[in-house]
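# Understanding the architecture of this molecule
The primary structure of each chain is shown beneath.
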Amino acid sequence: MIATDNCGTPDLTYNEVITGTDCSTGITYTRTWTATDACGNETIATQTITVIDNVPPVILVAFTSQNVECGQQINIPQPDVTDNCGVIVDFSSKDEIIDGPCPQAFTFIRTFTATDACGNISTETVTVNVSDNTAPDLNNVPTDTTIYLGMGQTIPPPPE
């Protein structure tokens, strides 16, 4: 703000009043400038700035989808949460498991929810698909053998 006068340089003063703390109606900054010349003549200008937060928080997850083999640990890092006004009042997560085609295969879903001071809500979902694609191993398999039944040999029973 610049103040000028036909008879010299006026004094310029500034005052700011902040009202409102309700996010739905906003926070209001009322700025008042007063220019006063040497003879006491004044000119006043007022500016009103209303700030309304309608932007939800941002949840930054490391990944949104991952495939793992059964037996591997499911590791979902805690996400970073930011807000344009800097105040997160609630952050939570909810887990859900959806059965797959066999007991070791399933889908694990974690949904993160963040709420800022103005009630703006955001969610981010991470899905981990757990599968069982590995065939079992056989160990200590008996070696092939030939049995001659005419010589008094019998087929051995299977091991227990």
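Please refer to the structure higher up on the page.
Read on for a plain summary of the structure.

Conventions we followed
Residues numbered from 1 in each chain as written. Predicted model: local features only at pLDDT ≥ 70, side-chain atom pairs only at ≥ 80, totals over all residues. Heavy atoms only, no water. Helix = DSSP H or I, 4+ residues; strand = E, 2+ residues; numbered from the N terminus. Rg over C-alpha atoms; globule rule 2.2 N^0.38 Å. Contact = heavy atoms within 4.5 Å. Areas by Shrake-Rupley, 256 points an atom, 1.4 Å probe, with all protein chains shown as cover. 1 Å grid on protein atoms, 1.4 Å probe; cavity = no way out; pocket = protein on both sides within 12 Å on 5 of 7 lines; lining within 4 Å. Points joined across faces, edges and corners; volume = space filled by probe spheres on them. Nonpolar A, V, L, I, M, F, W, Y, C, P; charged D, E, K, R; others polar. Pairing = 2+ DSSP bridges. Axes fitted to C-alpha atoms, helices over the stretch in contact; angles between N-to-C directions. Phe/Tyr/Trp six-rings, centres within 6.5 Å; stacked < 30°, edge-to-face > 60°. Salt bridge = Lys/Arg side-chain N within 4 Å of Asp/Glu carboxyl O. Buried < 20%, exposed > 50% of the residue type's maximum accessible area, 1.4 Å probe, protein only. Polar contact = N/O pair within 3.5 Å; in protein donor to acceptor, adjacent residues only side chain to side chain.

Moving on: the overall build of the protein. When helices and strands are tallied, the protein shows zero helices and nine strands. Ordered by position in the sequence, the α and β elements of the protein form the string β-β-β-β-β-β-β-β-β. Taking 15 Å as the expected radius of gyration for a compact globule of 160 residues, we find that the protein reaches 37 Å, considerably beyond that expectation. Across its three principal directions, the C-alpha atoms of the protein cover 135 × 25 × 15 Å. Within the protein, contacts between residues separated by at least 24 positions form 44% of all contacts whose residues are at least 6 apart in sequence. In the form shown here, the protein has an accessible surface area of approximately 11900 Å², with 51% of it arising from carbon and sulfur atoms.

As a further point, take the layout of surface pockets. Roughly 160 Å³ of internal volume is contained in the largest pocket. Surrounding the largest pocket, 15 residues form its lining, Ala-3, Thr-4, Pro-10, Ala-35 and Thr-43 being those nearest its centre. Put simply, the parts of the chain that give the lining of the largest pocket at least two residues each are strand E2 (26-36) and strand E3 (42-51). In the lining of the largest pocket, the residues fall into nine nonpolar, four polar and two charged.

Attention now moves to the sheet that holds strand E9 (residues 121-131). A sheet is described by the order of its strands in space; here four strands give the open sequence E5-E9-E8-E7, paired in mixed fashion. Each of the sheet's edge strands pairs with one partner strand only, and the pair in question is strand E5 (65-69) and strand E7 (88-99). The mean inter-strand angle of the sheet, taken between neighbouring strand axes irrespective of direction, is 15°. By the bridge criterion, 10 bridges tie strand E8 (residues 106-116) to E9 in an arrangement that is antiparallel. Paired with Phe-108 across the two strands is Val-128, which belongs to E9.

What describes a pair of aromatic rings is the distance from one ring centre to the other and the angle between the planes of the rings. Across all of its chains, the model carries two aromatic pairs by this definition. Their ring planes at 45° and their centres at 5.4 Å tell us that Tyr-14 and Trp-33 sit as a pair that is tilted. Taken as a pair, Tyr-14 in strand E1 (residues 11-22) and Trp-33 in strand E2 lie far apart in primary sequence, 19 residues in all. Seen in terms of ring centroids, Phe-91 and Phe-112 are 5.9 Å apart; in terms of plane orientation they differ by 5°. Their pairing is stacked. Of this pair, Phe-91 sits in strand E7 while Phe-112 is found in strand E8, placing the two residues 21 residues apart along the sequence.

Opposite charge on two side chains permits them to pair, given that their charged atoms come into close proximity. Summed over the entire model, instances satisfying the criterion amount to two salt bridges. Ionic pairing is found between Glu-16 and Arg-31, a salt bridge with its closest N-O pair at 2.6 Å. A residue pair is termed long-range when its members are at least 10 positions apart, and Glu-16 in strand E1 and Arg-31 in strand E2 qualify at 15 residues. Its salt-bridge partner being Arg-110, residue Asp-95 comes within 2.6 Å of it at the nearest N-O pair. On the criterion of sequence distance, the pair formed by Asp-95 in strand E7 and Arg-110 in strand E8 is long-range, its members being 15 residues apart. The exposure class assigned to Asp-95 is partly exposed, which follows from its relative accessible area of 40%.

As a further point, take the side chain of Asp-37. Its place among the elements puts Asp-37 in the loop between E2 and E3. Within polar-contact distance, the side chain of Asp-37 engages the backbone nitrogen of Cys-39 at 3.0 Å. For Asp-37, the side chain forms a polar contact with the main-chain nitrogen of Asn-41, separated by 2.9 Å. Sequence-distant contacts of Asp-37, that is, excluding residues within four places in its chain, are made with Asp-5 and Pro-10.

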